[in-house]
Structures are given as C-alpha cells and as structure tokens.
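In case you want the letters, here they are:
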Amino acid sequence: MTAIDGTVAPGFEPVRDAFAANFEKAGEVGAAVAVYRDGQPVVDLWGGLADPATDRPWERDTLQLVYSATKAVTAAAAHLLAQRGELDLDAPVSRYWPEFAAAGKSAIPVRQLLSHRAGLPALDHPVPLADALTWEPMVTALAAQRPLWEPGTAHGYHGRTFGWLVGEVIRRVSGRSPGRFVAEEITGPHGIDFFIGLPDTERNRVSRLVFAPQPDYSAIPIDRIPEALRPLLAAAADPESLSNRAFAVTDPADPDFDSPAVQAAEIPASNGIGTARGLARFYATLIGDVDGHRLLTADTLADATVEQAAGIDRVMLLPSRYASGFMLPTESFALGGPASFGHPGRGGALGFADPTRGLAFGYVTNYIVEGALDLRAADLAAAVNAAWD
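To continue, consider the packing of aromatic side chains. Applying the stated rule across the entire model yields nine aromatic pairs. Relative to Phe341, the ring of Phe326 has its centre 5.0 Å away and its plane inclined at 70°; by these criteria the two rings are edge-to-face. Of the two residues, Phe326 sits in the loop between strand 12 (319-322) and strand 13 (341-344) while Phe341 sits in strand 13, which places them 15 residues apart along the sequence. Neither Phe326 nor Phe341 differs from the other in exposure class; each is buried. Following the ring pairs from residue to residue traces out a cluster consisting of Phe282, Tyr283, Phe326 and Phe341.

We now examine the pairing of strand 3 (residues 40-51). Burial analysis of strand 3 places nine of its 12 residues in the buried class, the great majority of the element. Note that strand 2 (residues 30-37) and strand 3 share eight bridges and pair antiparallel. Across the sheet, Val35 pairs through a bridge with Val43, a residue of strand 3. Counting the residues between successive antiparallel strands, the hairpin from strand 2 to strand 3 contains two residues, one of them, Asp38, with a positive phi of roughly 50°.

It is worth spelling out helix 2 (residues 70-83) at this point. For helix 2, which comprises 14 residues, the first-to-last C-alpha distance of 20 Å matches the rise-based estimate of 20 Å (1.5 Å per residue) to within 8%. Within helix 2 the residues assigned to the buried category are Thr70, Lys71, Ala72, Val73, Thr74, Ala75, Ala76, Ala77, Ala78, His79, Leu80 and Leu81. Remark: Gly85 follows helix 2 within two positions and exhibits a positive phi of approximately 80°.

The rules behind these values
- Starting afresh in each chain, residues are numbered from 1 along the sequence in its written order.
- The predicted origin of the model limits local features to residues at a pLDDT of at least 70 and limits the giving and counting of side-chain atom pairs to 80 or more, whereas totals for whole chains, interfaces and linings rest on all residues.
- As a convention, hydrogens and water are excluded, and side-chain values are obtained from all of the structure's heavy atoms.
- By convention, a stacked pair of Phe, Tyr or Trp rings (six-membered ring in the case of Trp) has centres within 6.5 Å and planes under 30 degrees apart, an edge-to-face pair has planes over 60 apart, and any other such pair is tilted.
- Helix and strand assignments follow DSSP, with helices taken as H or I runs no shorter than four residues and strands as E runs no shorter than two, numbered in order from the N terminus.
- Whether a residue is buried, partly exposed or exposed follows from its accessible area with a 1.4 Å probe, protein chains only, as a fraction of its type maximum: under 20%, in between, or over 50%, in that order.
- Two strands pair if DSSP finds at least two bridges between them.
- The span you would expect from a helix comes to 1.5 Å times its residue count less one.

If you want it as structure tokens, here you go:
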C-alpha cells in the first residue's frame, strides 16, 4: 500500500480514506489534497511518487503543474485590479489594449474574455510555440484574430487563449506580466505556493507528468455511446473541429509541459505550478480571512461568481456554466456543491471554494487521466462533503 503522509483534523478521516483509495483503486501515481475550513487548514495530505522513473517520492513541498486550474488564479488577478478601481470589467478590452479593436472586436468587454464568450478560442494561423512562449507574438495574433462567432451570443471554452487574452489586459493595466503580478500581489503576500512562470530556483521541486493510456473510443459501436457524447467524439476525430482547434493555437499544438522552457514561460491558462496546499489556500483567501488577510472583498467575490454563460459549450460540446473566470457547478460536474465555484485542470487537478460553508479545496496529481470516467477529485470532494455534514 502507498504510504500517505500529512494530517487531517478530527472528523476529516474520510478524506484520508478516499485519498488512499485513489492509489489503491484508481492508479494514482503521486498526488496531494488540501482543505481549508473558515481560513484554517483541516486536511493536508500527500503520497506516492513525484517521478516514477527515478523513484523520487512525493514530498510535502512537491510542486505540480495543474493545467487549466491556473485560470482561476489568472481570473483573480483581473478581479483584484477591478477591486482597486484600475480595471472595469464591463469596459471594452480596447480601452486597455487598443490593438485588440482590430477585426471587429472594438466593443468586446473584458468580462466576455473572462466568461469564454468573446469568440476567440482558436486562431486562424497558429503561432510557433517558441514564439508563443515569449508572449508578444501570441497576443499580437489574438489582437488580429476575427471572432469565430458574434461575441456575447454564445460561449465556448477558450482553453489556451484565455490566459493570453486576460493576461494581456492584466499586463496593460498593471504594467507587469501576469505571472509577476500574481507573484507580487497574490501568491507572495498571501503565502500561496503557486507560480505562473516557474523560477529556476523551484525546478527541483516539480513532479513529472505521467499520462494514462487513452481509451480507444473508435472501437466502441456508436449505439453504445451515450447520445450526448456522440458530437464530442465526432469533433475529437476531426482535426478542423473547433474542439481541436481551440487546443491547437501553437505549433506544435500540445507543448511538453515537463519542459523547463514551457514551465518557465507564462501561459496563464495552462502552466500554473503549485501545491495542493497552495491551491486550497488561494481559494480560502478568496472567500475569507487567512492569517488575517483576504484577497477579494465579499462584493468583488459576488461579482466574480455571478453566472455569465450557461448551456452547450461550442468547444466542449457539453453543458457548462461560467462566471467571470470561474467555472460553476453543473449536473455532471458538481465541483463542491451548488454554491461552489472553481476550476479543474486537464487530467485531474481541481480547486474550488464554497463561500457559504467557508470551504476551500485543492487537489493536484501527476497522473494525467483524460475523460469523464476519472473520479479521483470527485471522490475526494464527496469525502470532504461527507465529513462536513
């Protein structure tokens, strides 16, 4: 059995049990989970291997790339600027980023970038990855890009472009890159172990990604596939579908996220690296005081978490709900319950908060499992809810 390290407060033992079960039954390689209640840590667990190739164990301070769970941190940076009166989320993006007005985009408000309604999930001409990692070529391409639907009339997950779009607004308003702004205004002051743009000094703490085998859906008879999933599977097989193009804005389309160059760059939609403890602490600072400090006021948080879009997602082709930068729960993706908000990351990572219960949750894993059948985070969230009740 995999040894589980860390602590749980009395009553939260079911979370330890669920965490251990992920290793024994779900193939977990290395992972950590953390929970805050009313600003205090009540779960802090880790276990497994940070790098199976070398048998390097997962330690208390092991860092993990969390893919799209990064988006919540980037969104919080925009909301912090709004809270300070430096950014109006309902003003046109072009007020802060004049070049963005090209190709009929002059009226798109910042909030549509945050809520995946701007019609900019893909590029007509992908940017070479090496150029995208330097920032400017990607935001130049996005400024010139025409919307792929009339902005504000539909929503579709801006899986990769979200970070450069929102990040450039942060850069124009603050005068700092989004990663630097996050470090100086969010993670540093609040003791949050999380980075967008990994410093060289932290590299030895980062785990190595391990990818689970991809299921071969093509071998499944069409009549055995749920009808709601058929459009998504058809889109996955079509290189020109928006579902694929949204994740092919660079060339090559799928960066090596273990690469030092990719981890050191700022990709504010996809390459955040942190601990589960840091992710949970981040959400705790959004909803209340942690060590006497709070990141967003109650009014700012309320504005940030109002539903902006709901229904079938044009990219994911499944029902989704978005606030301004945060995902909201749906019937098939409950997060932490009806009052929660947060964001998952590709392959398993999840962070969320429930302000009505003072709950903040972070789970990170290096075992990347694609698809809806991965229940590791959901089982942990269910255990947290059971302990809470």
